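An overview of the molecular structure
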Amino acid sequence: MLRASGLVAGYERGKRVLDGVNVDLPRGGVRGLAGPSGCGKSTLARVLALLQRPWAGTVELDGSPIRGFRHAASRRQRTAVGVVFQQPRPAVDPRMPLRRVLEEPLRASGERGVPERVAELTELTGLDGELLGRFPHEVSDGQLQRACLARAIALRPRYLICDEMTGMLDASTTAALVRVVDEQVRVEGTGVLAISHDESLLHAWAGDDVIRL
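Residues numbered from 1 in each chain as written. Predicted model: local features only at pLDDT ≥ 70, side-chain atom pairs only at ≥ 80, totals over all residues. Heavy atoms only, no water.

Taking an unreviewed UniProt entry as the reference, the protein chain is identified by name as Peptide/nickel transport system ATP-binding protein belonging to Actinopolyspora biskrensis. Note on the protein chain: under the UniProt heading Sequence similarities (unreviewed entry), the record states "Belongs to the ABC transporter superfamily." (UniProt positions renumbered as here; feature names shortened; annotations may be inferred.)

**A closer look at helix α1 (residues 41-48)**
Counting buried positions over the 8 residues of α1 gives 6, a clear majority of the element. Of the residues making up α1, those classed as buried are Lys41, Thr43, Leu44, Ala45, Val47 and Leu48. Within two residues after α1, leucine 50 carries a phi angle of roughly 65°, on the positive side. (Buried < 20%, exposed > 50% of the residue type's maximum accessible area, 1.4 Å probe, protein only. Helix = DSSP H or I, 4+ residues; strand = E, 2+ residues; numbered from the N terminus.)

**Structural notes on the sheet that holds strand β7 (residues 159-163)**
Taken together, 5 strands build an open sheet; the order of strands is β6-β7-β8-β3-β9 and the sheet is parallel. Each having just a single partner strand, β6 (81-84) and β9 (210-212) make up the two edges of the open sheet. The average undirected angle you get between the axes of adjacent strands in this sheet is 20°. Lying on the sheet, helix α5 (residues 141-152) is in contact with β6 and β7; it crosses β6 at an angle near 175°. (Pairing = 2+ DSSP bridges. Axes fitted to C-alpha atoms, helices over the stretch in contact; angles between N-to-C directions. Contact = heavy atoms within 4.5 Å.)

**Details of the UniProt feature "domain: ABC transporter" (unreviewed entry) in the protein chain**
Cross-referencing UniProt, the feature "domain: ABC transporter" (unreviewed entry) maps to residues 2-213 in the present numbering. Secondary structure within residues 2-213 divides into 34% helix and 25% strand; the distance between the first and last C-alpha atoms comes to 17 Å.

**As for the layout of surface pockets**
When its volume is computed, the largest pocket comes out at roughly 970 Å³. In this structure, the largest pocket is lined by 24 residues; those nearest its centre are Leu51, Arg78, Val83, Pro105 and Arg151. At the level of elements, α2 (75-78), β6, α3 (98-108) and α5 are the ones that each hand at least two residues to the lining of the largest pocket. Here the residues of the lining of the largest pocket are counted per class, giving 14 nonpolar, 4 polar and 6 charged. Approximately 200 Å³ is the volume attributed to the second largest pocket. Lining the second largest pocket are 14 residues; nearest its centre among them are Lys41, Ser42, Thr43, Gln86 and Asp163. (1 Å grid on protein atoms, 1.4 Å probe; cavity = no way out; pocket = protein on both sides within 12 Å on 5 of 7 lines; lining within 4 Å. Points joined across faces, edges and corners; volume = space filled by probe spheres on them. Nonpolar A, V, L, I, M, F, W, Y, C, P; charged D, E, K, R; others polar.)

Quick look at the structure:
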């Protein structure tokens, strides 16, 4: 289980974005997190993905407390949690073609069979292989978000944080990416936190397992 207890976090001293937040994310299912814009959903996503150190509170990964965040976290902990943000363009290096976006986490972790895994990820996410040589500005938001999802699941993380993942996408692309995530839950036993202000989408995706921030 990925567990956060008593989280306090923010960006400016004295201005709390999260204040005493508790969240449990078990493996093998989808849990929805709803809340209006500005309530701290994205800050919570960053803390759970080990990208931001909270001011107070604890994060535990499968029973082990997280001591370091960002590069101070161990490789095993960093690769256990994947994240997909709402806006794909700020999430990628514009100088990298899509193939390198997908390869980056695999090579950084010393994985073998990188070309084969990239081919598997493109098929899984419905990303046209012909687009792998293109740069982010040369593809649509939907195509780039497919690449971001492929990158997030490249190392088969135990947990996946989807922070408004489909907020900028059309209905057909939304449905396609939700199916990909659901397949990760079924095949890999991934625990998914689906974050959105759209409660109807969350209930369609997570059923009654929706909490509010």
